[in-house]
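Listed below are the residues making up each chain.
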Amino acid sequence: MKIGLVLGAGGIQGGAWLTGGLSALAEETGWDPASAGRIVGTSAGSMIAALLAGGVPPWFMVAHSAGETFEGVIDARGRPAAHADRSGGARYEPVLWPPPRWPGSLPLGVRSFVRPNRHTPATLLSGWLPRGPLSTEPLRNQVHRVVPEGWAPHPGLWVVACDFATGRRVAFGREGSPPADLRDAVAASCAVPGLYRPVEIGGRTYVDGGIYSASNLDILRDEELDLVICLNPTSSLHPIRAIDPREWGALVFRRATGRRLGSEAKKLRARGIQVALIQPLDEDLQTMSRNLMSTRNRNRVIEVARRTVAAQLRSPEIAELVADLPPGRPEKIHRPDGPPAQWPPLFELQGASGGD
């Protein structure tokens, strides 16, 4: 089977949900998500995709986030893995100089004003927001520990960001896209307008790929794939009702991203590609903060996602789609037996991440 994996946007809370979801996907199916021929990550999904494509198994992400230490396990830079940031890059560091300027992108603001029908609502707003006060350096550092330089060892990783002057999406890692180090591409994909500073790559500035689409599932519509598995934190399978006015913004956002996701899935199915959509359930929504950038409750979100995603994978409509997934290497699916010092180093696990 030729398989694609899509990890959508969702902030800090969405990144935690994706971590738990990937762990459930590997454990339930025995398939290594890093072996997908194409891995597409947007915003928070780009961070998780980069770690996955860099060789970090989902079970390790879960255990590391929970605070476990692994004596003798080192990262790709030769440093103890136990010393790595456990926040998934969710550290907010202000940029003191130069001060934020307004608007963040006058060219994008003017383009979206003149031709609003050619831009998403998020893109319409993004150009007029001030450049954010937060540095993307913590995001870079998180990727740097896994992939010190260049691109990921996985040849099929695409990281989606948006050109801040035009609003057009760019899939870094795809043939024909501007060359970039993985850490810069992920920082750009996560650079939420108005919150983070835009990221410069090759003389142009880029921001969060989620302003084009929270999922960007349709970017795979021309690929020769049999199945695409999409984990999308910002939509939901359950009807969303919001009595509390504070929930109305999240309600509108989730409904809009759900409609966009459904439309993108139709484009792939029209090309003969099967699509398995995995989204938060009611228990996930009750656990996740309505502020997707909140750093609270991450490990609780991970654990709930492990249950809810496992339940979705057992449902007849999805179980049929994933029944023939090829088995992965045991150490990529489950924590190896024995003391951590005897496990394969992370850089060797990287080599196990195939693109076929």
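## Concerning the overall build of the protein chain
Part 1 of the reasoning: When helices and strands are counted, the protein chain shows 13 helices and eight strands.
Part 2 of the reasoning: Counting the 356 residues in the protein chain, one finds 55% classified as buried.
Part 3 of the reasoning: Accessible surface, the protein chain: about 15600 Å² in total, of which carbon and sulfur atoms supply 53%.

## Quick word on the packing of aromatic side chains
Part 1 of the reasoning: Under the criterion given, the structure shown has two aromatic pairs.
Part 2 of the reasoning: Summarising the aromatic geometry, the rings of Trp 59 and Phe 60 are spaced 5.7 Å apart at their centres and angled 70° between planes, so their arrangement reads as edge-to-face.
Part 3 of the reasoning: In this structure Trp 59 comes out as buried when scored by relative accessible area, which is 9%.
Part 4 of the reasoning: With 5.0 Å between their ring centres and 75° between their planes, Phe 172 and Tyr 206 make a pair best called edge-to-face. Of this pair, Phe 172 sits in strand 4 (residues 169–172) while Tyr 206 sits in strand 6 (residues 204–208), placing them 34 residues apart in sequence.
Part 5 of the reasoning: A relative accessible area of 0% means that Phe 172 is categorised as buried.

## Re unusual backbone geometry
Part 1 of the reasoning: One non-glycine residue, Ser 43, lies in positive phi territory at about 55°.
Part 2 of the reasoning: Inspection of the secondary structure assignment puts Ser 43 in the loop between strand 2 (38–42) and helix 2 (44–53).
Part 3 of the reasoning: Residue Ser 43 is classed as buried on the basis of its relative accessible area of 5%.
Part 4 of the reasoning: Here Asn 297, not a glycine, exhibits a phi torsion of approximately 70°, which is positive.
Part 5 of the reasoning: Overall, the relative accessible area of 38% leaves Asn 297 in the partly exposed class.

## A few points about the pattern of salt bridges
Part 1 of the reasoning: Across all of its chains, the model carries 16 salt bridges by this definition.
Part 2 of the reasoning: With a closest N to O distance of 2.5 Å, Glu 68 and Arg 335 form a salt bridge. Of this pair, Glu 68 sits in the loop between helix 3 (58–65) and helix 4 (106–114) while Arg 335 sits in the loop between helix 12 (330–333) and helix 13 (346–351); the two residues are 267 residues apart in sequence, bridging distant segments of the chain.
Part 3 of the reasoning: On the basis of relative accessibility, which here comes to 32%, the residue Glu 68 falls in the partly exposed class.
Part 4 of the reasoning: Since its relative accessible area comes to 38%, Arg 335 is described here as partly exposed.
Part 5 of the reasoning: For the salt bridge of Arg 140 with Glu 137, the shortest nitrogen-to-oxygen distance reads 3.8 Å. Taken as a pair, Arg 140 and Glu 137 lie in helix 6 (residues 137–144) at a separation of three residues, close to a single helical turn.
Part 6 of the reasoning: Because the salt bridges share partners, they merge into one network encompassing Arg 169, Asp 218, Arg 221 and Lys 267.

## With respect to a nonpolar patch on the surface
Part 1 of the reasoning: Side chains of Trp 102, Leu 106, Val 110, Phe 113, Val 114 and Trp 128 sit close together on the surface and give an oily, nonpolar patch of about 690 Å² of accessible area.
Part 2 of the reasoning: Checked against the element boundaries, Val 110 lands in helix 4.
Part 3 of the reasoning: Accessibility expressed as a relative area gives 40% for Val 110, which makes it partly exposed.

## Looking at the packing of helix 1 (residues 11–29) against helix 3
Part 1 of the reasoning: Direction vectors running N to C along helix 1 and helix 3 enclose 135°, while the axes themselves pass 8 Å from each other. Our classification of the angle between helix 1 and helix 3 gives oblique. Taken as a pair, helix 1 and helix 3 cross one another with a handedness that is left-handed. Of the residues in helix 3, those touching helix 1 at Thr 19, Leu 22 and Ser 23 are Pro 58, Met 61 and Val 62.
Part 2 of the reasoning: A class-by-class count of the residues in the contact of helix 1 with helix 3 yields four nonpolar, two polar and no charged.

## Focus: the environment of Thr 123
Part 1 of the reasoning: Looking at the element boundaries, Thr 123 is found in helix 5 (residues 121–126).
Part 2 of the reasoning: Ignoring sequence-local partners within four residues, the contact set of Thr 123 consists of Leu 108, Ser 112, Gly 167, Ile 211 and Tyr 212.
Part 3 of the reasoning: A distance of 3.0 Å separates the side chain of Thr 123 from the backbone oxygen of Ile 211, its partner in a polar contact.

## Brief notes about the nonpolar core
Part 1 of the reasoning: Counting 67 residues, the largest nonpolar core has Leu 5, Trp 17, Leu 182, Ile 229 and Leu 231 as its most contacted members.
Part 2 of the reasoning: If you tally residues by element for this core, the top one is helix 2, at seven residues.
Part 3 of the reasoning: Excluding anything up to four places from it in sequence, Ile 229 contacts Ile 3, Gly 4, Leu 5, Val 6, Leu 25, Trp 31, Ala 276, Ile 278, Val 322 and Leu 325.
Part 4 of the reasoning: Counting residues in each nonpolar core, the second largest holds 17 residues, with Val 160, Leu 220, Leu 268 and Ile 273 among its members.

Parameters at a glance
- Residues numbered from 1 in each chain as written.
- Predicted model: local features only at pLDDT ≥ 70, side-chain atom pairs only at ≥ 80, totals over all residues.
- Heavy atoms only, no water.
- Helix = DSSP H or I, 4+ residues; strand = E, 2+ residues; numbered from the N terminus.
- Buried < 20%, exposed > 50% of the residue type's maximum accessible area, 1.4 Å probe, protein only.
- Areas by Shrake-Rupley, 256 points an atom, 1.4 Å probe, with all protein chains shown as cover.
- Phe/Tyr/Trp six-rings, centres within 6.5 Å; stacked < 30°, edge-to-face > 60°.
- Salt bridge = Lys/Arg side-chain N within 4 Å of Asp/Glu carboxyl O.
- Patch = residues over 30% accessible without salt bridge, like charges linked within 9 Å, V, L, I, M, F, W, Y side chains within 5 Å.
- Axes fitted to C-alpha atoms, helices over the stretch in contact; angles between N-to-C directions.
- Parallel < 35°, antiparallel > 145°, perpendicular 65-115°, else oblique.
- Left-handed = near helix turned anticlockwise from the far one by under 90°.
- Contact = heavy atoms within 4.5 Å.
- Nonpolar A, V, L, I, M, F, W, Y, C, P; charged D, E, K, R; others polar.
- Polar contact = N/O pair within 3.5 Å; in protein donor to acceptor, adjacent residues only side chain to side chain.
- Core = buried A, V, L, I, M, F, W, Y, C linked by side-chain atoms within 4.5 Å.

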